[in-house]
Amino acid sequence: MNDKIRTGAVDHLFQAILSLNDLEECYRFFEDVCTVNEILSLSQRYEVARMLRQHRTYLDIAEATGASTATISRVNRSLNYGNDGYDLVFERCPDQDS
């Protein structure tokens, strides 16, 4: 785990996120905290990770998501050498596999 991001402020942010009860509350919070482009970038990375776990090709993923090959490669590196955060969420959200 990256100790550079472990701060009290980040703890407060994550606790705030964990306090959200539903999708609508997530939309309300994230629209206040993030720009539209930041939200779209996060969601794009998540979709890229999901598609990589489905063994889709870089070309297919780039066409479907608009992600650059650099972004796809970065997400792939996180999937293979990261902290297993994506896999943790994928296990808890199995209905998103398709």
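Higher on the page you've got the structure.
First, a word on scope: everything that follows refers to the structure included in this document. (Residues numbered from 1 in each chain as written. Predicted model: local features only at pLDDT ≥ 70, side-chain atom pairs only at ≥ 80, totals over all residues. Heavy atoms only, no water.)

Regarding the nonpolar core
A general tendency of soluble globular proteins is for nonpolar side chains to be buried together. Note the cut-off: Throughout, nonpolar core names a set of buried Ala, Val, Leu, Ile, Met, Phe, Trp, Tyr and Cys residues whose side chains join them through atoms within 4.5 Å. Classification of residues uses two cut-offs on accessible area relative to the type maximum, computed with a 1.4 Å probe and protein chains only: under 20% is buried, over 50% is exposed, and between them is partly exposed. Under the DSSP-based scheme used, a helix requires at least four consecutive residues in state H or I and a strand at least two consecutive residues in state E, with every element numbered from the N terminus.
Ranked by size, the top nonpolar core spans 11 residues in total: Y46, V48, A49, M51, L52, I61, A67, I72, V75, L79 and F90. For this core, the secondary-structure elements that each account for two or more residues are α3 (36-53) and α5 (69-81). For this core, the element with the highest residue contribution is α3, accounting for 5 residues.

Overview of the packing of aromatic side chains
Each aromatic ring pair is summarised here by two numbers: the centre-to-centre distance and the angle between the ring planes. As a reminder of what qualifies: Any Phe, Tyr or Trp ring, taking Trp's six-membered ring, that has another such ring centre within 6.5 Å forms a pair; planes under 30 degrees apart are called stacked, those over 60 apart edge-to-face, and the others tilted.
This structure, assessed with the given rule, holds 3 aromatic pairs. An angle of 85° between the planes, with centres 5.5 Å apart, marks the rings of F29 and F30 as edge-to-face. Note on F30: relative accessible area 23%, which makes it partly exposed. Judged by centre distance (6.1 Å) and plane angle (20°), the ring pair of Y86 and F90 falls under stacked. Here Y86 pairs with F90, and both are found in helix α6 (residues 85-92), just 4 residues apart, close to one helical turn. Taking relative accessible area as the criterion, F90 reaches 10% and is therefore assigned buried. An aromatic cluster is built from Y46, Y86 and F90, whose rings are joined through pairwise contacts.

Digging into unusual backbone geometry
Phi angles above zero are rare outside glycine, and H55 is one such case at about 65°. Along the chain, the position of H55 falls in the loop between α3 and α4 (58-65). Under the relative-accessibility criterion, H55 is labelled exposed at 72%.

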